[in-house]
Amino acid sequence: MTEHDGDGAHVSTGTTGDTGETGQNGQNGHNGEAGEPAIPELVIISGMSGAGRSTAAKCLEDLGWFVVDNLPPALIPTMVELGARSQGNVARIAVVVDVRGRRFFDNLRESLADLDAKEVTRRIVFLESSDDALVRRFESVRRPHPLQGDGRITDGIAAERDLLRELRGDADLVIDTSSLNVHELRAKMDAQFAGDDEPQLRATVMSFGYKYGLPVDADLVVDCRFLPNPHWVPELRPFTGLNEEVSGYVFNQPGAKEFLDQYTELLQLIAAGYRREGKRYVTIAVGCTGGKHRSVAMSEKLAARLSSEGVETVLVHRDMGRE
């Protein structure tokens, strides 16, 4: 598991719950008295550099948390206050805190005391790993440890362990990633924070024209060129696959409905595997020659099928109107 940590603060937003919504893992944000703003639930992610902090943070983002990377600890109470003023739009906040903050890291103890005084529901997740595993990960990406200075990687690891010893003792959840891959770490985070709800797969269904090139971000590609092209029907040529007559023409062709039915079933199998492997987003590209008729009609039906089965789906017609 390789972690690529930057030096600056990075903010990512996921979908958040409503005011007073039950937090993941059965915990609630503190709502206070009537009329007072709800205090967001807070998770602090820390641990050894290279142990998987970025992966853990990304997992919470996918579960709908508002994620802030490399925030100076002194600003955590301020971040929580801002979330409380959001009228429920930011109900869960995850903050990544680590030694990249250098001198700011010393303020963490004071910030934790401030949060406790305000009755903020908070948890600390600590990512641990063996020295051997950490050395292999840093060597694989050819990056120095943030604390090694002019010394060796092992010197930086030892210095970091010393700095984090007290925080590790205060952690609510310690995950040893020495023998875990990225997918296994995500599964552990899901088990702790997804509650009873299985993390959802989000799909983008994109129609495209082969003559304009394959979409570079496609995970799966569907070719509709086995169906007769409405382009060669003069009365249908000016329209697109959004037109009912064009769509009717496409799905009245032999094999069209069967293809839609069977491919939808195949996607159910693929989606289950993606969830097991920790993949949360999939782009399905549906192509025909020009991206105007067949692929548009098929994409519309496919997206509707996925939505009806509870998959959060975005529909994009990349090349429609391009001719």
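Residues numbered from 1 in each chain as written. Predicted model: local features only at pLDDT ≥ 70, side-chain atom pairs only at ≥ 80, totals over all residues. Heavy atoms only, no water.

A. Region of interest: the sheet that holds strand β7 (residues 202-209). Within the open sheet, the four strands sit side by side as β8-β9-β7-β10. Their pairing is parallel. Where the open sheet ends on each side, the last strands, each with one partner, are β8 (220-223) and β10 (312-317). Pairwise comparison of adjacent strand axes, ignoring direction, gives a mean angle of 20° for this sheet. Looking at chain direction, β7 and strand β9 (residues 281-288) are connected through eight bridges and run parallel. Paired with A203 across the bridge in β9 is V282. Packing of helix α8 (residues 256-276) onto the sheet brings it into contact with β8 and β9, and relative to β8 it is tilted by some 175°. Strand contacts of helix α9 (residues 294-308): β7, β9 and β10, with the helix running at about 170° to β7, the strand carrying the most contacts. (Pairing = 2+ DSSP bridges. Helix = DSSP H or I, 4+ residues; strand = E, 2+ residues; numbered from the N terminus. Axes fitted to C-alpha atoms, helices over the stretch in contact; angles between N-to-C directions. Contact = heavy atoms within 4.5 Å.)

B. Local environment of the nonpolar core. Counting 50 residues, the largest nonpolar core has L42, I45, L60, I76, M189 and F193 as its most contacted members. Beyond its immediate chain neighbours, meaning those up to four positions away, L60 contacts V43, I45, W65, V67, A94, M189 and F193. Core analysis: the second largest hydrophobic core is formed by 27 residues, V205, A297, L302 and L306 among them. (Core = buried A, V, L, I, M, F, W, Y, C linked by side-chain atoms within 4.5 Å. Buried < 20%, exposed > 50% of the residue type's maximum accessible area, 1.4 Å probe, protein only.)

C. Layout of the environment of E244. Among the secondary structure elements, E244 is positioned in helix α7 (residues 244-251). Judged by its relative accessible area of 73%, E244 falls in the exposed class. Separated by 53 residues in the primary sequence, E244 and A297 place their C-alpha atoms 8.9 Å from one another.

D. Region of the structure containing unusual backbone geometry. Positive phi is not limited to glycine here, since N70 has a value of about 60°. Mapped onto the secondary structure, N70 falls in the loop between β3 (66-69) and α2 (76-84). Unlike most non-glycine residues, R142 shows phi in positive territory, near 55°. Counting through the fold element by element, R142 comes out in the loop between α4 (131-141) and α5 (153-170).

E. The arrangement of α7 in detail. The complete set of buried residues in α7 reads V246, S247, V250 and F251. On an axial view of α7, the arc spanned by its buried residues comes to 125°, and they lie on one face. Facing away from the buried side of α7, by more than 90 degrees, are the exposed residues E244 and E245. In this fold, the buried residues of α7 make contact with α8 and α9. Two or three places before E245, at the start of α7, stands the capping residue N243, its side-chain oxygen 2.8 Å from that residue's backbone nitrogen. (Arc of directions from axis to C-beta. Polar contact = N/O pair within 3.5 Å; in protein donor to acceptor, adjacent residues only side chain to side chain.)

F. Up close: the pattern of salt bridges. Tallying each qualifying case throughout the model produces 17 salt bridges. Note that D98 is salt-bridged to R53, the shortest N-O span being 3.3 Å. Separated by 45 residues along the polypeptide, D98 in the loop between β4 (92-96) and α3 (108-117) and R53 in helix α1 (residues 53-62) bring together distant segments of the chain. Assigned by exposure class, D98 and R53 land together as buried. Of the charged contacts in the structure, one is a salt bridge between D114 and K118, with a shortest N-O distance of 3.7 Å. Within this structure, E128, D131, R161 and R168 form a network of salt bridges that share partners. (Salt bridge = Lys/Arg side-chain N within 4 Å of Asp/Glu carboxyl O.)

G. Spotlight on the packing of aromatic side chains. Under the counting rule described, the total for this entry stands at four aromatic pairs. Aromatic pair W65 and F193: ring centres 6.0 Å apart, planes at 85°, arrangement edge-to-face. Separated by 128 residues along the polypeptide, W65 in the loop between α1 and β3 and F193 in helix α6 (residues 182-193) bring together distant segments of the chain. Since its relative accessible area comes to 0%, W65 is described here as buried. On the numbers, 5.8 Å between centres and 10° between planes, the contact of F259 with Y263 is stacked. (Phe/Tyr/Trp six-rings, centres within 6.5 Å; stacked < 30°, edge-to-face > 60°.)

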